[in-house]
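# Report on the structure
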Amino acid sequence: MNNFAEHWEEAGIKAREIALQLVWNQWSSLGSMARSTSLKNKNRVIDPESLVLTSVALQKEERRLTEVLAWWAHDGTGLLSVQRMKKMASKTRSNGKDLFSEYAQLAALCGHRSWNNYAEHENLPELLHNHQKDTRLELRGPENLLLRLRATFGVGAKADIMSFLVSTPQFSATVPEISKYLDFSNKAVRDALKDMNVAGLVRESSGRPASYSTNQLAWVDLMRSKSDNKTDHPEWALWSAIFPFLTSAMEICTAAVSSSLNSFLVNSYARDLIETYQYAFEFHQIELPDLAEYPGREFSAAFLQSINSLASWAK
């Protein structure tokens, strides 16, 4: 096998490994019977819509995820945003609509009527009567900040924005930044921040464009349970970019190794993928190679290097 094919095969294997370890680790943090892996969550806040869509996508790689999804559909669907998940699915490279409607069918069968209109799939595993009945949702810990705020204040832009402002290392962000990172419209973010500013929950800077922040330490202290001597600070992670990057990378690498796409298209799709999600690499300070230095077939090496950098960040 030449270096071109070897690079794509190695990158695909690595992307699959990272994605599976991350989803299993996050399901474990939510109280699932799923066992955690060698990767640690490092207090990175879980994005439930991204986790669900990625888990649906990875079922063919790991069938045990089907049972976990059945458990979550029954017990956790009420903490999901239908519209946010739909928007995320629309940005997925190839089959996002199918992933969304498959979970919608599962949620609808569990009695969540708001998902009925989006349920189109019929060929689902019959696991609803056999889900993890003895397992309860576990929402303690800094990684579950977003879900805890949703459970307390309801599912919507305000809970998500507060979670972001509490856990982002930048401490403050503008409306366009929050909109981009959280997958809400500028209007939804602006309206939510207006109310939150009136309530004194966020601070608005005097500059233009205005940036918004909150008292992070106060919120962390508020979310600490009485039994905790210390609560680690939550850390925001752009799972809505990291997860689709990994699943799309797996798809591209499979096409490259199987030769179902010519090398020109493979390199073009891979380059577009990195450029699409480059903001997430920059947000997390994940090193990327200089793409201009890898023309043509040589780009396979740059793509593998990007996957390896992401793997280091994940660990």
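In this text the structure is predicted, and so the values were computed from the model without any measurement.

Moving on, we come to the overall build of the protein. From N to C terminus, the protein includes 14 helices and three strands. Counting the 315 residues in the protein, one finds 52% classified as buried. Of the contacts formed within the protein by residues at least 6 apart in sequence, a portion of 70% connects residues at least 24 apart. With an accessible surface of roughly 15200 Å², the protein has 47% of that area assigned to carbon and sulfur atoms.

With that settled, consider the pattern of salt bridges. Under the counting rule described, the total for this entry stands at 10 salt bridges. Residues aspartate 160 and arginine 150 are paired through a salt bridge, measuring 2.8 Å at the closest nitrogen-oxygen approach. Placement of aspartate 160 in helix α7 (residues 157-167) and of arginine 150 in helix α6 (residues 145-153) is noted, with a sequence separation of 10 residues between them. On the basis of relative accessible area, aspartate 160 is assigned to the buried category, the value being 1%. One salt bridge in this structure joins lysine 158 and aspartate 195, with 3.1 Å as the shortest N-O distance. Of this pair, lysine 158 sits in helix α7 while aspartate 195 sits in helix α9 (residues 186-198), placing them 37 residues apart in sequence. Of the residues examined, aspartate 195 reaches a relative accessible area of 41% and is grouped as partly exposed.

Bringing the nonpolar core into the picture now. Taken as a class, soluble globular proteins show a tendency for nonpolar side chains to be buried jointly. Core analysis: the largest hydrophobic core is formed by 103 residues, its most contacted members being Trp27, Tyr103, Ile161, Phe245 and Phe303. When sequence neighbours within four positions are dropped, the list of residues in contact with phenylalanine 245 reads Leu273, Ile274, Tyr277, Phe281, Phe303, Ile307 and Leu310.

Going through the model one piece at a time under the given rule, you end up with 16 aromatic pairs. With a centroid separation of 5.4 Å and 65 degrees between ring planes, the pair formed by phenylalanine 100 and tyrosine 118 is classed as edge-to-face. Of the two residues, phenylalanine 100 sits in helix α5 (residues 96-109) while tyrosine 118 sits in the loop between α5 and α6, which places them 18 residues apart along the sequence. Its relative accessible area of 5% is what places phenylalanine 100 among the buried residues. Ring plane angle 80 degrees and centroid distance 5.5 Å describe the contact between tyrosine 103 and tryptophan 115, whose orientation is recorded as edge-to-face. Separated by 12 residues along the polypeptide, tyrosine 103 in helix α5 and tryptophan 115 in the loop between α5 and α6 bring together distant segments of the chain. This pair shows no difference in class: tyrosine 103 is buried, exactly as tryptophan 115 is. Pairwise contacts between aromatic rings join Trp8, Phe245, Tyr277, Phe281 and Phe303 into one cluster. The residue whose ring lies beneath arginine 44 is tryptophan 313, and the NZ or CZ to ring-centre distance is 3.9 Å.

As a further point, take the environment of phenylalanine 243. With respect to the helices, strands and loops of the structure, phenylalanine 243 is situated in helix α11 (residues 239-258). C-alpha separation for the pair phenylalanine 243 and alanine 19, spaced 224 residues apart in sequence, amounts to 6.9 Å. Apart from residues lying up to four places away in sequence, phenylalanine 243 is in contact with Ala19, Leu22, Val23, Gln26, Ser50, Leu51 and Thr54.

Residues of the protein with pLDDT of at least 70 account for 88%, and the chain-wide mean is 86. With pLDDT under 50 throughout, residues 126-130 is counted as low confidence; its partners more than four residues away or in other chains account for eight contacts.

The subject of this paragraph is the sheet that holds strand β3 (residues 211-213). The strand order across the open sheet built from three strands is β1-β3-β2, with neighbouring strands paired in antiparallel fashion. Because the sheet does not close on itself, it has two edges, and the strands there are β1 (172-174) and β2 (203-204). Looking at chain direction, β2 and β3 are connected through two bridges and run antiparallel. Bridge assignment links glutamate 204 to a residue of β3, and that residue is tyrosine 212. Sheet strands in contact with helix α8 (residues 175-182) are β1 and β3, and its direction is about 95 degrees off that of β1.

About the thresholds
The residue numbers shown here count from 1 along each chain, following its written sequence. Under the rules for a predicted model, residues below a pLDDT of 70 receive no local features and side-chain atom pairs below 80 are neither given nor counted, while totals for whole chains, interfaces and linings still include all residues. For side-chain calculations, the full set of non-hydrogen atoms in the structure is used, while hydrogens and water are omitted. Helix and strand labels come from DSSP, where a helix needs a run of H or I of at least four residues and a strand needs a run of E of at least two; each type is numbered from the N terminus. Note on classification: 1.4 Å probe, protein chains only; a residue is buried when its accessible area is under 20% of the maximum for its type, exposed when over 50%, partly exposed between these limits. Contacts are assigned to residue pairs that have any heavy atoms within 4.5 Å of one another. Using the Shrake-Rupley algorithm and a 1.4 Å probe, accessible areas are obtained, with residue cover drawn only from the displayed protein chains. In what follows, salt bridge is the name for a side-chain nitrogen of Lys or Arg lying within 4 Å of a carboxyl oxygen of Asp or Glu. Residues grouped as a nonpolar core are buried Ala, Val, Leu, Ile, Met, Phe, Trp, Tyr and Cys residues, joined through side-chain atoms within 4.5 Å. In this scheme Phe, Tyr and Trp rings, the latter by its six-membered ring, pair at centre separations within 6.5 Å, and the angle between planes marks the pair as stacked below 30 degrees, edge-to-face above 60, and tilted otherwise. To sit over a ring, a charge needs its Lys NZ or Arg CZ within 6 Å of the ring centre and within 35 degrees of the ring normal. Predictor confidence is given residue by residue as pLDDT, running from a minimum of 0 to a maximum of 100. Strand pairing is assigned whenever DSSP detects at least two bridges linking the two strands. All axes are obtained by fitting lines to C-alpha atoms, using only the stretch in contact for helices, and the reported angles, taken between N-to-C directions, cover 0 to 180 degrees.

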